Amino acid sequence: MNTSEAVEQLRGWFTGRLPEEWFEGAPEVVVDREEVAVVGTLPVPAAAAEASGAERAGVVAGHVQRFRDDTRDRRIAIAREAEQRFGRKVSWGVECDGEREMFTTLSVPVMTRLRQPERRVLDTLVDAGVARSRSDALAWCVRLVGKNTDEWLSELRSALQHVERARAAGPRA
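Where do I start with the packing of aromatic side chains in this structure?
By convention here, two paired aromatic rings are described through the distance between centres and the angle between planes. One pass over the full model with this rule turns up 8 aromatic pairs. Each ring, one from W22 and one from W92, has its centre 6.4 Å from the other, and the planes form 80°; the classification is edge-to-face. Here W92 lies in strand β3 (residues 89–96) and W22 lies in the loop between α1 (3–17) and β1 (28–31), a separation of 70 residues in the sequence. In this pair, the class of W22 matches that of W92, namely buried. Measuring from centroid to centroid gives 6.5 Å for F67 and F103, while their planes differ by 35°, and the two rings are tilted. Of this pair, F67 sits in helix α2 (residues 53–86) while F103 sits in the loop between β4 (99–102) and α3 (116–127), and the two are 36 residues apart along the sequence. For F67, a relative accessible area of 11% gives the class buried. The class of F103 is buried, set by a relative accessible area of 8%. Put simply, the rings of W13, F14, W22, F23, F67, F86, W92 and F103 touch in pairs and so form one group of aromatic residues.

Below you can see the structure in the form of structure tokens.
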């Protein structure tokens, strides 16, 4: 099974497995080698419609927290099922009124080798107080690159899907 099929299978399984009343529409399912992130859209509470900016933010934050608390046991049970079935950890989050909040995320160590110029960049970020450690500085750099190159990364991921389909359709060894 190629990566695209695995993602489709995961997305389908979660869409079918999650209670329909939890989210508006199907959840967003993002997959990498270690983790499945499931992010559903919550409806904006009616009380937020007539609230001022700060009050609206408070209503939405309370709504998100209530959902998190009320669904915790079921989310844990579903995550355990998925982890057994798919061999990846499950993270949960929601989006409500344009704000995204992740309840759980997996932090995975990644080994890298850097030459002195790259290490100096990380050390500068640490010395300037932008990051607490080289690890934090590297994560900050990756987030910055991801934020500033979203369109390019999306095109690259799309191209990789085409390559996977071509490999799957090609001759078997």
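The rest of the description comes next.
Can you walk me through the layout of surface pockets in this structure?
Volume-wise, the largest pocket comes out at about 2400 Å³. Forming the walls of the largest pocket are 48 residues, and the residues nearest its centre are V30, V31, D32, V142 and R157. When residues of the lining of the largest pocket are traced back to their parent elements, those giving at least two are α1, β1, β2 (35–41), β4, α3, α4 (134–148) and α5 (150–169). For the lining of the largest pocket, the leading source of residues is α4, giving 11 residues. Split by residue class, the lining of the largest pocket holds 21 nonpolar, 9 polar and 18 charged.

Mind showing me how you'd approach the pattern of salt bridges here?
Side chains that carry opposite charge are capable of pairing whenever their charged atoms lie near each other. One pass over the structure, following the stated rule, counts 8 salt bridges. Here the salt bridges do not stand alone but share partners, grouping E28, E95 and R100 into one network.

Is there a simple way to think about the pairing of β1 in this case?
As a general feature of sheets, a regular strand has side chains that alternate between the two faces. Where β1 lies against β2, 4 bridges are found, and the strand directions are antiparallel. If you follow V30 over to β2, its bridge partner there is A37. As consecutive antiparallel partners, β1 and β2 are separated by 3 residues.

Explain the environment of R88 here, please?
Topologically, R88 is positioned in the loop between α2 and β3. For the pair R88 and E35, spaced 53 residues apart in sequence, the C-alpha separation works out to 5.1 Å. If sequence neighbours within four positions are ignored, R88 has contacts with L10, V31, D32, R33, E34, E35, V36 and E83. A polar side-chain atom of R88 sits 2.8 Å from the main-chain carbonyl oxygen of D32.

Conventions we followed
Residues numbered from 1 in each chain as written. Predicted model: local features only at pLDDT ≥ 70, side-chain atom pairs only at ≥ 80, totals over all residues. Heavy atoms only, no water. Phe/Tyr/Trp six-rings, centres within 6.5 Å; stacked < 30°, edge-to-face > 60°. Helix = DSSP H or I, 4+ residues; strand = E, 2+ residues; numbered from the N terminus. Buried < 20%, exposed > 50% of the residue type's maximum accessible area, 1.4 Å probe, protein only. 1 Å grid on protein atoms, 1.4 Å probe; cavity = no way out; pocket = protein on both sides within 12 Å on 5 of 7 lines; lining within 4 Å. Points joined across faces, edges and corners; volume = space filled by probe spheres on them. Nonpolar A, V, L, I, M, F, W, Y, C, P; charged D, E, K, R; others polar. Salt bridge = Lys/Arg side-chain N within 4 Å of Asp/Glu carboxyl O. Pairing = 2+ DSSP bridges. Contact = heavy atoms within 4.5 Å. Polar contact = N/O pair within 3.5 Å; in protein donor to acceptor, adjacent residues only side chain to side chain.

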